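So you can see what is in the structure, the chains are spelled out below.
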Amino acid sequence: MEKYVRITGKRQVTIPKDFFEQLDMGTILRAYIEDGRLVLEPVRAEDPIDFSQEIINDLADEGLTGEELKREFARRREGMLAAIKELVAEARREARDGSEPDGDAFMEELINRDE
């Protein structure tokens, strides 16, 4: 099945209803580029969202080791999980209220929260 979708001025797209239902989509998508294509994959509540490797890589690049690394890993992982929960809650509120989300502003706020 193939369909064409419009991209809004805010770089947003509407997923066709039959695609949404066929894939049993929720409120979160994983987006990445593969072979020059944009790929969007549904992330279901039961799917693990694990950023452990990315966090460990960052901590190693920062030169942390031992107990300091363990403490900072736990802090960052908890912050990431809290951010994801907040993102899901925000998406649900926007869906319920029918408002248009400003995903860029929301992600910027999450990323820069600790700065």
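Before reading further, recall that the structure is shown in the block above.
Residues numbered from 1 in each chain as written. Predicted model: local features only at pLDDT ≥ 70, side-chain atom pairs only at ≥ 80, totals over all residues. Heavy atoms only, no water.

A. Main features of the overall build of the protein chain. Assigned secondary structure in the protein chain consists of four helices and two strands. Shown N-terminal to C-terminal, the secondary structure of the protein chain runs as helices and strands in the order α-β-β-α-α-α. The buried share of the protein chain, taken over its 115 residues, is 17%. Here the contacts in the protein chain between residues at least 6 apart in sequence split such that 24% fall between residues at least 24 apart. Entry remark: accessible area of the protein chain is about 9400 Å², with carbon and sulfur atoms responsible for 52%. (Helix = DSSP H or I, 4+ residues; strand = E, 2+ residues; numbered from the N terminus. Buried < 20%, exposed > 50% of the residue type's maximum accessible area, 1.4 Å probe, protein only. Contact = heavy atoms within 4.5 Å. Areas by Shrake-Rupley, 256 points an atom, 1.4 Å probe, with all protein chains shown as cover.)

B. Inspection of a negative patch on the surface at higher detail. Together, Asp50, Glu54, Asp58 and Asp61 make up a negatively charged patch on the protein surface. Of note, Asp50 is situated in the loop between β2 (37-43) and α2 (52-61). What makes Asp50 partly exposed here is its relative accessible area of 49%. (Patch = residues over 30% accessible without salt bridge, like charges linked within 9 Å, V, L, I, M, F, W, Y side chains within 5 Å. Salt bridge = Lys/Arg side-chain N within 4 Å of Asp/Glu carboxyl O. Lys, Arg positive; Asp, Glu negative; His and termini not counted. Charge placed at Lys NZ, Arg CZ, Asp CG, Glu CD.)

C. Spatial organisation of the pairing of strand β1 (residues 28-34). Where β1 and β2 come together, seven bridges link them in antiparallel fashion. Residue pairing for β2: Ile28 is matched across the bridge by Val43. Taking the residues that link successive antiparallel strands as the turn, the β1-β2 hairpin has two residues, and the phi of Asp35 there is positive, at about 50°. (Pairing = 2+ DSSP bridges.)

D. Molecular detail of the packing of α2 against helix α3 (residues 66-97). Following both chains from N to C, one finds α2 and α3 inclined at 135°, their axes separated by 10 Å at the closest point. Taken together, the axes of α2 and α3 are oblique relative to one another. You can see that α2 and α3 cross each other, and the crossing is right-handed. Only Leu69, Glu72, Phe73, Arg76 and Arg77 of α3 make contact with α2, whose side of the interface consists of Ser52, Ile55, Ile56, Asp58 and Leu59. Along the lines of polarity and charge, the residues of the contact of α2 with α3 split into five nonpolar, one polar and four charged. (Axes fitted to C-alpha atoms, helices over the stretch in contact; angles between N-to-C directions. Parallel < 35°, antiparallel > 145°, perpendicular 65-115°, else oblique. Left-handed = near helix turned anticlockwise from the far one by under 90°. Nonpolar A, V, L, I, M, F, W, Y, C, P; charged D, E, K, R; others polar.)

E. Inspection of the nonpolar core at higher detail. Core analysis: the largest hydrophobic core is formed by five residues, namely Ile55, Leu59, Leu64, Leu69 and Phe73. Among the elements of the structure, α2 and α3 are those that each provide at least two residues to this core. (Core = buried A, V, L, I, M, F, W, Y, C linked by side-chain atoms within 4.5 Å.)

F. Up close: the pattern of salt bridges. The full count for this structure, using the stated rule, is nine salt bridges. The partner of Glu72 in a salt bridge is Arg76, with the nearest N and O atoms 2.7 Å apart. A residue pair is termed a helical-turn pair when its members lie 3 or 4 positions apart in one helix, as Glu72 and Arg76 do in helix α3 at four residues. The class for Arg76 is partly exposed, based on a relative accessible area of 24%. Notably, a salt bridge pairs Arg93 with Glu90, separated by 2.6 Å at the nearest N-O pair. Taken together, the positions of Arg93 and Glu90, both in helix α3 and three residues apart, correspond to about one turn of that helix.

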